[in-house]
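Given next are the chains, with one letter for each unit.
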Amino acid sequence: MSLFSATNEEDMPKYQAICEKLGDLAVSQGAYAGAAKKYLDAGNKIKSMRALIHSGDVERITIFANVARSREVYLLAADYLKTLDWKKYPDALQNIMNFYKRARAFEKLAQFYDMCAQVRFRN
């Protein structure tokens, strides 16, 4: 087994466990982007997305959600993007809607539309 990838199938569980531990270490040190990479190497998309959310890098979060193609990742990304200042991130509204649609979370999408309507009504 090399330091960068498993050389055969029997080394894969060891490699994944090492990557998980490295990801945990990176999170404890505040290196969220590095942790996201290690979690992804371990095959854990959910932990990877959570690390990216801790980093606060909106662009990486959006790109990762689009590439990961996982319902849970779409939901995590959309829920995080809802917390942002939409004037600062104008693409966030469209991304939230797209992520909820892709996750088939239509109830959450309806709640989001309702929240948007309330914000517009107040203004």
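Note that the structure is predicted; figures quoted are calculated from it, not measured.

Chemist: Describe the layout of surface pockets, listing the residues and the values that go with them.
Modeler: Quantified by volume, the largest pocket comes out at close to 230 Å³. Top element by residues in the lining of the largest pocket is helix 7 (residues 106–122). It accounts for three residues.

Chemist: An account of the pattern of salt bridges is needed here, citing residue identities and associated values.
Modeler: By the definition in use, this model includes six salt bridges. Between K47 and D24 there is a salt bridge whose closest N-O contact spans 3.7 Å. Of the two residues, K47 is situated in helix 3 (residues 45–55) and D24 in helix 1 (residues 12–29); the sequence distance between them amounts to 23 residues. For D24, a relative accessible area of 36% translates into the label partly exposed. Ionic pairing is found between D79 and K108, a salt bridge with its closest N-O pair at 3.0 Å. Taken together, the residues span a long stretch of sequence, with D79 in helix 5 (residues 71–82) and K108 in helix 7 at a distance of 29 residues. The exposure class of D79 is partly exposed, given its relative accessible area of 27%. Take K108: its relative accessible area is 31%, and that puts it in the partly exposed class.

Chemist: How would you sum up the packing of aromatic side chains? Please name residues and give values.
Modeler: Counted by the stated rule, this structure contains two aromatic pairs. Ring plane angle 70° and centroid distance 5.5 Å describe the contact between W86 and F112, whose orientation is recorded as edge-to-face. Of the two residues, W86 is situated in the loop between helix 5 and helix 6 (91–102) and F112 in helix 7; the sequence distance between them amounts to 26 residues. For W86, a relative accessible area of 18% puts it in the buried group.

Chemist: Tell me about the nonpolar core, and please be specific about residues and values.
Modeler: Counting residues in each nonpolar core, the largest one holds 31 residues, and the members touching the most others are M49, A65, L81, I96, F99, Y100 and F112. Mapped by element, the contributors of at least two residues to this core are helix 2 (32–41), helix 3, helix 4 (58–68), helix 5, helix 6 and helix 7. In terms of residues, this core owes the most to one element, helix 5, which gives seven residues. In this structure Y100 touches L75, A78, D79, K82, A105, K108, L109 and F112, once residues within four positions along its chain are discounted.

Chemist: Go over the environment of N44 with me, naming the residues and quoting the values.
Modeler: Inspection of the secondary structure puts N44 in the loop between helix 2 and helix 3. Contacts of N44, omitting those with residues within four sequence positions, involve E20 and Y39. For N44, the side chain forms a polar contact with the main-chain nitrogen of K47, separated by 3.0 Å.

Chemist: Residue-level account of the side chain of N95, with values.
Modeler: Take N95: it is sitting in helix 6. Overall, N95 belongs to the buried group, its relative accessible area being 17%.

Chemist: So what's going on with the packing of helix 3 against helix 4? Which residues, and what values?
Modeler: Remark: helix 3 packs on helix 4, axes separated minimally by 9 Å, with the N-to-C direction vectors making an angle of 165°. With respect to their mutual orientation, helix 3 and helix 4 come out roughly antiparallel. Of the two elements, helix 3 crosses helix 4, and the hand of that crossing is left-handed. Residues K45, S48, M49, L52 and I53 of helix 3 lie in contact with helix 4, whose contacting residues are R60, I61, F64, A65 and A68. Taken together, the residues that form the contact of helix 3 with helix 4 break down as seven nonpolar, one polar and two charged.

Rules behind the numbers
Residues numbered from 1 in each chain as written. Predicted model: local features only at pLDDT ≥ 70, side-chain atom pairs only at ≥ 80, totals over all residues. Heavy atoms only, no water. 1 Å grid on protein atoms, 1.4 Å probe; cavity = no way out; pocket = protein on both sides within 12 Å on 5 of 7 lines; lining within 4 Å. Points joined across faces, edges and corners; volume = space filled by probe spheres on them. Helix = DSSP H or I, 4+ residues; strand = E, 2+ residues; numbered from the N terminus. Salt bridge = Lys/Arg side-chain N within 4 Å of Asp/Glu carboxyl O. Buried < 20%, exposed > 50% of the residue type's maximum accessible area, 1.4 Å probe, protein only. Phe/Tyr/Trp six-rings, centres within 6.5 Å; stacked < 30°, edge-to-face > 60°. Core = buried A, V, L, I, M, F, W, Y, C linked by side-chain atoms within 4.5 Å. Contact = heavy atoms within 4.5 Å. Polar contact = N/O pair within 3.5 Å; in protein donor to acceptor, adjacent residues only side chain to side chain. Axes fitted to C-alpha atoms, helices over the stretch in contact; angles between N-to-C directions. Parallel < 35°, antiparallel > 145°, perpendicular 65-115°, else oblique. Left-handed = near helix turned anticlockwise from the far one by under 90°. Nonpolar A, V, L, I, M, F, W, Y, C, P; charged D, E, K, R; others polar.

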